Amino acid sequence: MTLIKTTYNRRSFIKSSALAGGGMVIGFSWLASCNPTPEQVNNMPKEWFDINGFLKIGDNGMVTIMSPNPEIGQNVKTSMPMIVAEELDTDWDNVIVEQAPLNTDIFQRQLAGGSQSIRAGWQGLRMAGATARHMLIAAAAEAWQVPASEITTAAGTITHKASNKSAGYGEMASSAATMTVPEEVSLKDIKDFVIIGTDRRNVDGPNLVTGKSLFGIDIQEEGMLIAMIIHPPAFGLTYKSMDADSVKSMPGIKDVFPIDVYPEGVEKQWSDGGAIDKLVAIVGESTWQCMQAKKALNVEWEKTSTLESTEGHNEAITKLLNTSSKEPARKDGDVASAFKKSAQIIERTYSAPFLAHNTMEPMNFYADVTGERAILNGPVQTPEFLEKTLASRLDLPLEKIDIKMTRMGGGFGRRLYGTFGVEAAVISQKMQAPIKLVYTREDDMTQGTYRPTYKVKYKAGLDKDGNLIAWHVKGAGSNDDLIFENRFPAGAVDNYLAEKFTLETNVTTGAWRAPRSNFIAGAEQAFLDEVAEAAGKDPIEFRLELFDRAIKDPVGDPKNNDYDPERYAGVLKLVREKSGWDGNQKNGTARGVSSYYCHNSYVAQILDLSTDVSPPKVNKVWCAVDCGIVINPMAAKNQIEGGIIDGIGHATYSEMTFEDGKPQHSNFDTYRLIRHKEAPKEIESFFVDNGIDPTGLGEPSLPPVIGALANALYRATGQRHYNQPFITEKSVIG
Amino acid sequence: MANFSLKVNGKTEQIDVDPTTPMLWVLRDHLKLVGTKFGCGIAQCGACTVHLGDNAVRSCQLPVSAVGEQSITTIEGLSENGDHPVQKAWIEEDVYQCGYCQAGQIMNASAFLKKNPNPSDVEIEDAMNGNICRCGTYTRIKKAIKNAANSSNA
């Protein structure tokens, strides 16, 4: 049993909760979603009691748990409440989950990003459940006049064995709500978990399969108008003028006007990355009418900076990699003399293009802004930062801005940058009416915060026995310097040099699922495969030797190394065992291996291609993961599978290119995403069971699979792949 | 603008819209049936799939004026209680991640299974290839379709 100090602030216990809804409103939305039977309606509580900001208990024992973080498909709306329910010790079948609005008084870090929701929320969620359980026990102890220490709980029931008394949580809820909040509470032992570590289906599942309104784009409010934007067609252009009158008279069109989204003096947050300061807004009664007006409207743009092209980006980035940095990011030993002593030197360059996020739900946001207050609702990964920008832009105090969060039709980093929320608010303010801003797919794909384009050059030196004695990595990216200098193999090679460069571009870039890792992992793992081959070693053995070195005799201060070599080696050994890897290629298949550490989790993968079809097809991916305690294995595996398919897809098929500042793809007819036929036939995941506090899974399975794919392709076709998307080279999967 | 009488999910609906308006926007904006999703607007992603009669069609490319007497079924009308074998299989397999594309996937899969109740893996892939899932739930979708086929045939 672990004792932890509780850390609630005053507002967490205000009884008239600031949370949306309350009482039967919550019950109603739950019931409406599941086609309730009369029996279920009768089973709804008559009264709810707020225990703390995270949960309320109904008089019949039902529990409403608020899910604090934005849901982008990473399944936190199920897994975070599971953690609360575990420590509350209630029956999961009696739990209703509700999405919390932004409320910084109660919740910490209401943000979806960096695979950090579970890791950062773990302790607080456990505390919320444990505190409530403690208060229920205290209420029972008082009612029964028995010592609290003799009371036990299980599945929503409180029991005092000695006096043969028991009560449901519902019976004690009203008095529990009045109990003193404990200063410290005990947490369950891991071995006593009954919810955590078990498969629990997505709480929104019944709503999703019946088409209920869940997403921002689904919002319908009384008097709501539809708004669309027109943004500059190229990076480097800005708004000049337009002939608004020509479309204002079109059916259903209410107004057409330029908007200064970010006039001078507005305090921008990091979440305003990719912002376009000036746009054209079209407001009308329906989406189709706005789309027609958008098409008919002539807008003049003027050039305000360079109109960049992909060719120019590639030349500039290549030039950067041909220079030397004055101050390397990390330097161990002396690579120059080690290369001189090397029996073999392998040098390879890898590249990847810009990528759009392409969430299936295009950017959108609902806003109702009047003089005194702003109400916003929609899909955003960073509501807290959006609120700050809005406060500055609308000149309103934070408490006059309410932001609710909808389920998001994908994020992948795109919705970290909530500029569309600011645009919606500014348009609503101008119209003095509630509006829903909706981007078209073309709007969505041709502006934004692209995954940067990257290039990396590796050079490795092997001694005559095939030992890695020198490693030099030089990387560059657009608006991003790419290299994690302290990640593997730093610390495992005596002579190590990492250099990094940034190419400034006016094509806006930002975080895209597993930033940097989404390229560098594939490049590094493909390079290691070549180095292992040159060394005449099995690629898994070769990696394990390096991890062994980092464990037993790390180069430099091991505290500087951004990985734990034992956990790294652990996943590699696990996937080797599960896949039956023996280094040989079986008839009709070709195998590649890869492993990577990012976002605090360790992943190793083996990918099998079927080579009896042309082009080869991904038959199976084995994936071993160390993310500590797994909250919900069924959902965790879903994240792993998604990351793997995402990685294979983008590395093989996807790219964004530019010509005179203009994005060359604007929809899925030419921007290729992976489809059913190209997806792996099977993915099998395995977890290391080590009881370590949980880390995230939204990102870590994506980066390494690109290396596993490249390595398997090499064994299938004899061709190495250096430049993404691989389809631009000779061999592809199908 | 013109008046149209539409059969949607077994009900007759009267609307007055521009005849070029795609059914997608008639459903979403006018009939408030938001389960049918906007993804690309050019019939490349399948998020807007509905049934026109027994056929799966892309509602973003179906002008309201072309519907006529044919019945339209959306995800909201696929079953009365959310218990169509495909819906049940989706829940059982816990298919979705973000969930946005899944209404289109389900509508496409249900129309396909009606025509081909015992599909092979390749037939499933061929039939579903027009529906993009950006989260990459393809392996679960395929499994759910196979389960739905098996349960319907049981």
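Only a predicted model underlies this, so the values are computations on that prediction, with no experimental measurement involved. (Residues numbered from 1 in each chain as written. Chains lettered and ligands numbered in written order. Predicted model: local features only at pLDDT ≥ 70, side-chain atom pairs only at ≥ 80, totals over all residues. Heavy atoms only, no water.)

1. Comments concerning the packing of aromatic side chains
Item 1. Taken as a whole and assessed by the stated rule, the structure comprises 27 aromatic pairs over all chains.
Item 2. Measuring from centroid to centroid gives 5.2 Å for Phe215(A) and Tyr100(B), while their planes differ by 90 degrees, and the two rings are edge-to-face. Taken together, the positions of Phe215(A) in the loop between α6 (205-208) and β10 (225-230) and Tyr100(B) in the loop between α2 (85-93) and α3 (102-115) put the pair across two chains.
Item 3. Classification of Tyr100(B) as buried rests on a relative accessible area of 0%. (Phe/Tyr/Trp six-rings, centres within 6.5 Å; stacked < 30°, edge-to-face > 60°. Helix = DSSP H or I, 4+ residues; strand = E, 2+ residues; numbered from the N terminus. Buried < 20%, exposed > 50% of the residue type's maximum accessible area, 1.4 Å probe, protein only.)

2. Quick notes on helix α17 (residues 633-653) of chain A
Item 1. With 21 residues, α17(A) extends 30 Å from end C-alpha to end C-alpha; this agrees with the ideal 30 Å at 1.5 Å per step.
Item 2. Burial within α17(A) is extensive, with 20 of its 21 residues counted as buried. (Expected span 1.5 Å × (residues − 1).)

3. Remarks on the domain arrangement of chain A
All names here are of chain A.
Item 1. According to the domain assignment, chain A consists of domain 1 (2-209), domain 2 (219-304 + 363-438) and domain 3 (324-354 + 450-728).
Item 2. Look at where the C-alpha atoms of domain 2 and domain 3 centre, and you get two points 38 Å apart.
Item 3. Contact with domain 2, which involves 10 residues of that partner, is made by 14 residues of domain 3.
Item 4. Where domain 2 abuts domain 3, roughly 840 Å² becomes buried across the two surfaces, and 63% of that area is made up of carbon and sulfur atoms.
Item 5. Interface area lost by domain 2 to domain 3 is led by Phe235, Phe412 and Tyr417, which between them contribute 66%.
Item 6. If you look at where domain 2 meets domain 3, you find 0 salt bridges.
Item 7. On inspection of domain 2 and its partner domain 3, the count reaches 3 residue pairs in polar contact (both at pLDDT 80 or more).
Item 8. Classifying every residue of the side of domain 2 that touches domain 3 gives 6 nonpolar, 3 polar and 1 charged. (Domains from an automatic or database assignment. Contact = heavy atoms within 4.5 Å. Buried area = accessible area lost by both parts, 1.4 Å probe. Salt bridge = Lys/Arg side-chain N within 4 Å of Asp/Glu carboxyl O. Polar contact = N/O pair within 3.5 Å; in protein donor to acceptor, adjacent residues only side chain to side chain. Nonpolar A, V, L, I, M, F, W, Y, C, P; charged D, E, K, R; others polar.)

4. Section: the interface of chain A and chain B
Item 1. In this assembly, 63 residues from chain A lie in contact with 55 residues from chain B.
Item 2. When the two sides are added together, the surface that chain A and chain B hide from each other amounts to roughly 4900 Å², 57% of it contributed by carbon and sulfur.
Item 3. Interface area lost by chain A to chain B is led by Val209(A), Met360(A) and His676(A), which between them contribute 18%.
Item 4. For the pair chain A and chain B, the number of links is 7 salt bridges.
Item 5. The residue Glu92(B) makes a salt bridge to Arg201(A) at a minimum N-O spacing of 3.2 Å.
Item 6. For the side of chain A that touches chain B, the elements supplying multiple residues, two or more each, are α6, α8 (287-296), α13 (441-446), α17 and β29 (682-687) of chain A.
Item 7. Top element by residues in the side of chain A that touches chain B is α17(A). It accounts for 9 residues.
Item 8. Partitioning the side of chain A that touches chain B into residue classes produces 24 nonpolar, 23 polar and 16 charged.

5. Quick notes on the pattern of salt bridges
Item 1. Applying the stated criterion across every chain, the model contains 51 salt bridges over all chains.
Item 2. Note that Asp255(A) is salt-bridged to Lys248(A), the shortest N-O span being 3.8 Å.
Item 3. As a salt-bridge pair, Glu69(B) and Lys7(B) come within 3.8 Å of each other at their nearest N and O atoms. On the criterion of sequence distance, the pair formed by Glu69(B) in the loop between β4 (55-58) and β5 (71-73) and Lys7(B) in strand β1 (residues 2-8) is long-range, its members being 62 residues apart.
Item 4. On the basis of relative accessible area, Lys7(B) is assigned to the partly exposed category, the value being 38%.
Item 5. A single salt-bridge network, built from bridges that share partners, covers Asp480(A), Asp481(A), Glu485(A), Lys500(A) and Arg516(A).

6. Concerning unusual backbone geometry
Residues and elements named next belong to chain A.
Item 1. With an omega of 5 degrees, the peptide bond between Phe488 and Pro489 qualifies as cis.
Item 2. Assignment of secondary structure puts Pro489 in the loop between β22 (468-478) and β23 (495-503).
Item 3. Cis geometry marks the peptide bond from Gln724 to Pro725, where omega comes out at -5 degrees.
Item 4. When you line up the elements, Pro725 lands in the segment after α18 (702-717).
Item 5. Despite not being glycine, Ala155 shows a phi value in the positive range, around 45 degrees.

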